[in-house]
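Take a look at the letters that make up each chain.
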Amino acid sequence: MAKRVRVLIIDDSASVRQTLSRVLEADPDIEVIGTASDPFMAARKIQEEIPDVITLDVEMPRMDGITFLRKLMAQRPIPVVMCSSLTEQGSETLLQALEAGAVDVILKPKIGAADHLAEAGMRICEVVKSAAHARVIGRARRSAAMSGPSAKLTADAVLPPPTGRAMAKTTEMVICVGASTGGTEALRDFLEHLPANAPGIVIVQHMPEKFTAAFAKRLNTLCEMEVKEAVDGDPVLRGHVLIAPGDHHILLERQGARYHVSVRSGPLVSRHRPSVDVLFRSAARAAGANAMGVIMTGMGDDGARGMAEMHDAGAYTIAQDEATSVVYGMPKEAVARGGVDKIVPLDQIAHEILAADRRR
């Protein structure tokens, strides 16, 4: 990166501020320009120097994080990453934060757990750097590890590449979707446009564990389709949406004429777990031309290789366009690799799926 990402950390815990500062500053592309124990102190620091990204705790004295976030988005939009402990109740609150304009969520690093900190640190740094590229003005109006970067693994670490033999079409189609930064709200917009009898959908949204269950429950109250966090062995059925659980890969598998998902652990792929590349590769292997791939807003290149493999296996593939993406990273990389048949705005993705379904 040409310029280091300047970060302000807001958290009432001194130990968390210290650990998070250490994690972020281990990445040469990130600079921590200050810390604050509450939103009032943070507001004074922002007047002195505007950061590129803010990491924000949820529960703090004098003013909670979501109230501060809403005020910030209304007055001076800055990319905000929410930082929370791993709790079910916290998951519900963080979904409110995403609706209020936060671009992503990270878990507070566990102090003293070196092996956890190495992997968690990688995600924290990736999320913060992604947030620096996010478009936040429109959203406001609407509402590297401690030991250095690890090798970036591909989907080969989870399953072998497709054989290259395209599978003949059947009557049922399965939709595989990948998203990251900005994806929580984009997925909501997309799924709200689909009827109750739309083709079965499997989704990877980069999100920590536990948050995906709350995210699925929220979507289920808003959409005509049935939405749930995936469990190993769940069938992929028309009218149903399965969301990969945080910290687990999800694979599409076929048994006879039926599709189901496999939920499994494994290494980070493209520095993510779940990984879009893993889902897309499994779709290329198991479904071929019976699958449709959708890649949406997000930083990095997770999903670009897998979408090219789906395309080569005969699947119809689409990417969200730059104008409607919070971060035009993953779709851009997929287009660059030649794996995208069509680029469309967010509000046209559902239409493309229904049109493809009618053509079968």
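Right above here is the structure, for reference.
Just so it is clear, the model here is predicted, and its values are computed rather than measured.

Asker: Hey, could you go over the pattern of salt bridges for me, with residue numbers and the actual values?
Answerer: Taken as a whole and assessed by the stated rule, the structure comprises 22 salt bridges. For Asp29, the salt bridge identified is with Lys129, shortest N-O distance 3.9 Å. Pair noted here: Asp29 is in the loop between α1 (14-25) and β2 (30-36) and Lys129 is in helix α5 (residues 114-131), with a separation of 100 residues, a long-range link. With a closest N to O distance of 3.5 Å, Arg238 and Glu172 form a salt bridge. Of this pair, Arg238 sits in the loop between β8 (226-229) and β9 (240-243) while Glu172 sits in the loop between α6 (137-142) and β6 (174-179), and the two are 66 residues apart along the sequence.

Asker: So what's going on with empty space enclosed by the protein? Residues and values would help.
Answerer: Empty space within the largest cavity amounts to approximately 50 Å³. In this structure, the largest cavity is lined by Leu98, Val103, Asp104, Val105, Ser180, Thr181, Gly182, Gly183, Thr184, Gln205, His206 and Met207. Grouping the amino acids of the lining of the largest cavity by side-chain chemistry returns 4 nonpolar, 7 polar and 1 charged.

Asker: Give me the lowdown on unusual backbone geometry, citing residues and values where you can.
Answerer: With omega at 10°, the peptide bond leading from Arg273 into Pro274 counts as cis. Structurally, Pro274 can be placed in the loop between β11 (258-264) and α9 (276-286). The residue Asp247 is not glycine, and still its phi comes out positive at about 70°. For Asp247, the location among the structural elements is in the loop between β9 and β10 (249-255). For Asp247, a relative accessible area of 27% puts it in the partly exposed group. Positive phi, close to 50°, is recorded for Ser270, a residue that is not glycine.

Asker: So what about the side chain of Ser325? Which residues, and what values?
Answerer: Tracing the sequence through the fold places Ser325 in the loop between β13 (316-320) and α11 (330-336). Only 2.7 Å separates the side chain of Ser325 from the backbone oxygen of Asp321, close enough to count as a polar contact. Once you skip the residues sitting within four places of it in the chain, Ser325 turns out to touch Arg135, Thr297, Gln320 and Pro331.

Asker: Break down the packing of α9 against helix α10 (residues 304-312) for me, with residues and values.
Answerer: Running from N to C, α9 and α10 point in directions that differ by 10°, and their axes come no closer than 7 Å. As the angle between them shows, α9 and α10 are arranged roughly parallel. Where α9 approaches α10, its residues Asp277, Phe280, Arg281, Ala283 and Ala284 are matched on the opposing element by Ala304, Arg305, Gly306, Met307, Glu309 and Met310. A per-class count over the contact of α9 with α10 returns 6 nonpolar, 1 polar and 4 charged.

Asker: Mind laying out the side chain of Arg188, listing which residues take part and the relevant values?
Answerer: Mapped onto the elements of the fold, Arg188 is located in helix α7 (residues 183-192). Classification of Arg188 as buried rests on a relative accessible area of 17%. A polar atom in the side chain of Arg188 sits 3.3 Å from the side chain of Asp189.

Asker: Outline the sheet that holds strand β5 (residues 104-107), supporting the account with residue identities and numerical values.
Answerer: If you walk across this open sheet you meet the 5 strands as β2-β1-β3-β4-β5, and the pairing is parallel. Of all the strands in the sheet, just β2 and β5 have a single pairing partner and so form its edges. Each strand axis lies, on average, 25° off the axis of its neighbour in the sheet, ignoring direction. For strand β1 (residues 5-10) and β2, the ladder comprises 6 bridges, and the chain directions are parallel. Each bridged residue has a counterpart across the sheet, and for Val7 the counterpart in β2 is Val32. Set on the sheet, helix α3 (residues 65-75) makes contact with β1, β3 (53-57) and β4 (80-84); between it and β3 the angle comes to about 150°.

Rules of the game
- Residues numbered from 1 in each chain as written.
- Predicted model: local features only at pLDDT ≥ 70, side-chain atom pairs only at ≥ 80, totals over all residues.
- Heavy atoms only, no water.
- Salt bridge = Lys/Arg side-chain N within 4 Å of Asp/Glu carboxyl O.
- Helix = DSSP H or I, 4+ residues; strand = E, 2+ residues; numbered from the N terminus.
- 1 Å grid on protein atoms, 1.4 Å probe; cavity = no way out; pocket = protein on both sides within 12 Å on 5 of 7 lines; lining within 4 Å.
- Points joined across faces, edges and corners; volume = space filled by probe spheres on them.
- Nonpolar A, V, L, I, M, F, W, Y, C, P; charged D, E, K, R; others polar.
- Buried < 20%, exposed > 50% of the residue type's maximum accessible area, 1.4 Å probe, protein only.
- Polar contact = N/O pair within 3.5 Å; in protein donor to acceptor, adjacent residues only side chain to side chain.
- Contact = heavy atoms within 4.5 Å.
- Axes fitted to C-alpha atoms, helices over the stretch in contact; angles between N-to-C directions.
- Parallel < 35°, antiparallel > 145°, perpendicular 65-115°, else oblique.
- Pairing = 2+ DSSP bridges.

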